[in-house]
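A structural walkthrough
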Amino acid sequence: MLFDFSELYGPLMVVLTLIAVMLAGMKNTGQTVQEGTLMGTALGTCFGYWLGASIFFFGLAYFCDTNLSPIEVLSLCGYGLFGTLLCMFLSTLLVSSASNLFFYATWGVLGVSSALRMGNIFLQRTAVRKQGVTVGAVVAVVHLLFILYLKFVYHKTYEAAAHINPR
């Protein structure tokens with residue numbers, strides 16, 4: 001078994017903390033969009049990824065005969081977001097320079113390590129090695145792309161919205 005028991009308290013706290021970090025990062029950049037819009041979009045983005053990616057990963061795992069339950073996949077995906085949380089926290093709140101070099105460094109270390117860990121667990125729990133490599137690679141790539149989405153696309157959306165809807 002991957003876990004002696006599967007729990008969702010830790011992943012829920014990781015997702016809620018990621019939402020708080022995203023909101024603090026937006027406040028730190030001086031965005032002036034209405035508060036409800038920031039909160040709602042951050043909630044939708046983080047919970048949407050956690051649940052949506054978990055469903056996608058479970059479906060992929062089911063078709064490739066991976067021995068993971070839906071709760072285990074939810075837990076894995078949620079705990080995998082801890083690397084995302086650290087990456088976003090360090091690069092958004094602690095370093096406020098215009099350079100993205102520090103973000104890429106944290107993405108390369110923290111993001112890649114959590115993505116590879118998730119992919120490795122899917123690989124180990126798949127009966128056929130070739131299918132396990134495919135599942136593990138897809139899981140890792142989707143997870144890494146989500147971090148890039150949060151850093152670049154999510155923030156650009158609010159920069160554009162601030163110019164359309166100034167206070």
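Right above here is the structure, for reference.
Cut-offs and rules
Residues numbered from 1 in each chain as written. Predicted model: local features only at pLDDT ≥ 70, side-chain atom pairs only at ≥ 80, totals over all residues. Heavy atoms only, no water. Axes fitted to C-alpha atoms, helices over the stretch in contact; angles between N-to-C directions. Helix = DSSP H or I, 4+ residues; strand = E, 2+ residues; numbered from the N terminus. Parallel < 35°, antiparallel > 145°, perpendicular 65-115°, else oblique. Left-handed = near helix turned anticlockwise from the far one by under 90°. Contact = heavy atoms within 4.5 Å. Nonpolar A, V, L, I, M, F, W, Y, C, P; charged D, E, K, R; others polar. Expected span 1.5 Å × (residues − 1). Buried < 20%, exposed > 50% of the residue type's maximum accessible area, 1.4 Å probe, protein only. Core = buried A, V, L, I, M, F, W, Y, C linked by side-chain atoms within 4.5 Å.

Looking at the packing of helix H1 (residues 9-28) against helix H3 (residues 70-94)
Two elements in contact, H1 and H3, have axes separated by 8 Å at closest approach and are oriented at 25°. Considering their axes alone, H1 and H3 lie roughly parallel with respect to each other. The two elements H1 and H3 cross, and the hand of that crossing is left-handed. From H1, Gly 10, Pro 11, Val 14, Val 15, Thr 17, Leu 18, Val 21, Ala 24, Gly 25 and Asn 28 reach across to H3, where they touch Leu 74, Ser 75, Gly 78, Tyr 79, Leu 81, Phe 82, Thr 84, Leu 85, Met 88, Phe 89, Thr 92 and Leu 93. Its residues assigned to classes, the contact of H1 with H3 shows 14 nonpolar, eight polar and no charged.

A word on H1
In this model, H1 (20 residues) spans 28 Å end to end at C-alpha, consistent with the 28 Å of a helix rising 1.5 Å per residue. Of the positions making up H1, those classed as buried are Gly 10, Pro 11, Val 14, Val 15, Leu 18, Ile 19, Val 21, Met 22, Leu 23, Gly 25 and Met 26.

Section: the nonpolar core
Membership of the largest hydrophobic core comes to 40 residues, with the highest contact counts inside it found for Leu 18, Met 22, Tyr 49, Phe 57, Leu 81 and Phe 122. If you tally residues by element for this core, the top one is helix H2 (residues 35-63), at nine residues. Setting aside residues no more than four positions away along its own chain, Leu 81 makes contact with Val 14, Val 15, Leu 18, Tyr 49, Trp 50, His 143 and Phe 146.

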